[in-house]
Amino acid sequence: MNYRFKLVGSPRFRVIEILAGGGSALVEWRLETGRTHQIRAHAKYLGIPLLGDEVYGGTRSMALDRLQQKNSCNLPGQLLQLISNLERPCLHALTLGFMHPHTGKKVHFSCLPPADFAEVLSGLRSVNTEKIANLEKVHH
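- Looking at an unreviewed UniProt entry, the protein carries the name Pseudouridine synthase RsuA/RluA-like domain-containing protein, with the source organism given as Heracleum sosnowskyi.
- Database annotation for the protein, UniProt heading Sequence similarities (unreviewed entry): "Belongs to the pseudouridine synthase RluA family."

This is how it looks when you write it as structure tokens:
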């Protein structure tokens, strides 16, 4: 991936891991507005919709088709079931931070992904994972 463009108001992103033989990826997004819609809309525009995002093109059936294409149908039944049962986009805010409006101090929060997200990620990693060595590269 070597994108050289910037969408107006677009979030920054970088690929952390290629999962399941390229059928999926773990991506870090850095927001400018703090709205999940921003990630979902830009991911769809870039042709990389979020797994489980039925509204913005990352449908479960599309994800299953792509995973099966990339992995010659060698996917564990448990992973197929997890993806089939997704009821939301696989999107999680690992960390949030902002300047407190009254004190002016930086405030940071972090939270591990919920069980459904963690299970899908673990399942995708069990098929195949490739960590991206150069994490300095941020796409605009």
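The structure having been displayed, the exposition proceeds.
### Structural notes on the pairing of strand β4 (residues 106–110)
Thinking step 1. Where strand β3 (residues 95–99) meets β4, five bridges bridge the pair, whose relative direction is antiparallel. Paired with Leu96 across the strands is Phe109, a residue of β4.
Thinking step 2. The hairpin formed by β3 and β4 contains six residues between the paired strands, and Gly104 there has a positive phi angle of roughly 75°.

### Focus: the sheet that holds strand β5 (residues 129–131)
Strands in a sheet are paired, the pairing made by backbone hydrogen bonds, and the direction either parallel or antiparallel.
Thinking step 1. Pairing is antiparallel in the open sheet, where three strands are placed in the order β2-β1-β5. Edge strands, defined here as strands with exactly one partner in the open sheet, are β2 (24–30) and β5. Within this sheet the neighbouring strands show an average axis-to-axis angle of 30°, counted without direction.
Thinking step 2. When strand β1 (residues 12–19) meets β2, the two strands line up antiparallel, connected through seven bridges. Of the residues in β2, the one forming a bridge with Glu17 is Leu26.
Thinking step 3. Sitting on the sheet, helix α4 (residues 115–127) touches β1, β2 and β5, and the angle it makes with β1 is about 55°.

### A short note on the pattern of salt bridges
Thinking step 1. On inspection of all chains with the given rule, the structure shows seven salt bridges.
Thinking step 2. Of the charged contacts in the structure, one is a salt bridge between Glu54 and Arg60, with a shortest N-O distance of 3.4 Å.
Thinking step 3. Among the residues examined, Arg60 registers a relative accessible area of 27% and is labelled partly exposed.
Thinking step 4. Each of Arg14, Glu28 and Arg30 takes part in salt bridges that share partners, so that together they form one network.

What counts, and at which threshold
- Residues numbered from 1 in each chain as written.
- Predicted model: local features only at pLDDT ≥ 70, side-chain atom pairs only at ≥ 80, totals over all residues.
- Heavy atoms only, no water.
- UniProt positions renumbered as here; feature names shortened; annotations may be inferred.
- Pairing = 2+ DSSP bridges.
- Helix = DSSP H or I, 4+ residues; strand = E, 2+ residues; numbered from the N terminus.
- Axes fitted to C-alpha atoms, helices over the stretch in contact; angles between N-to-C directions.
- Contact = heavy atoms within 4.5 Å.
- Salt bridge = Lys/Arg side-chain N within 4 Å of Asp/Glu carboxyl O.
- Buried < 20%, exposed > 50% of the residue type's maximum accessible area, 1.4 Å probe, protein only.

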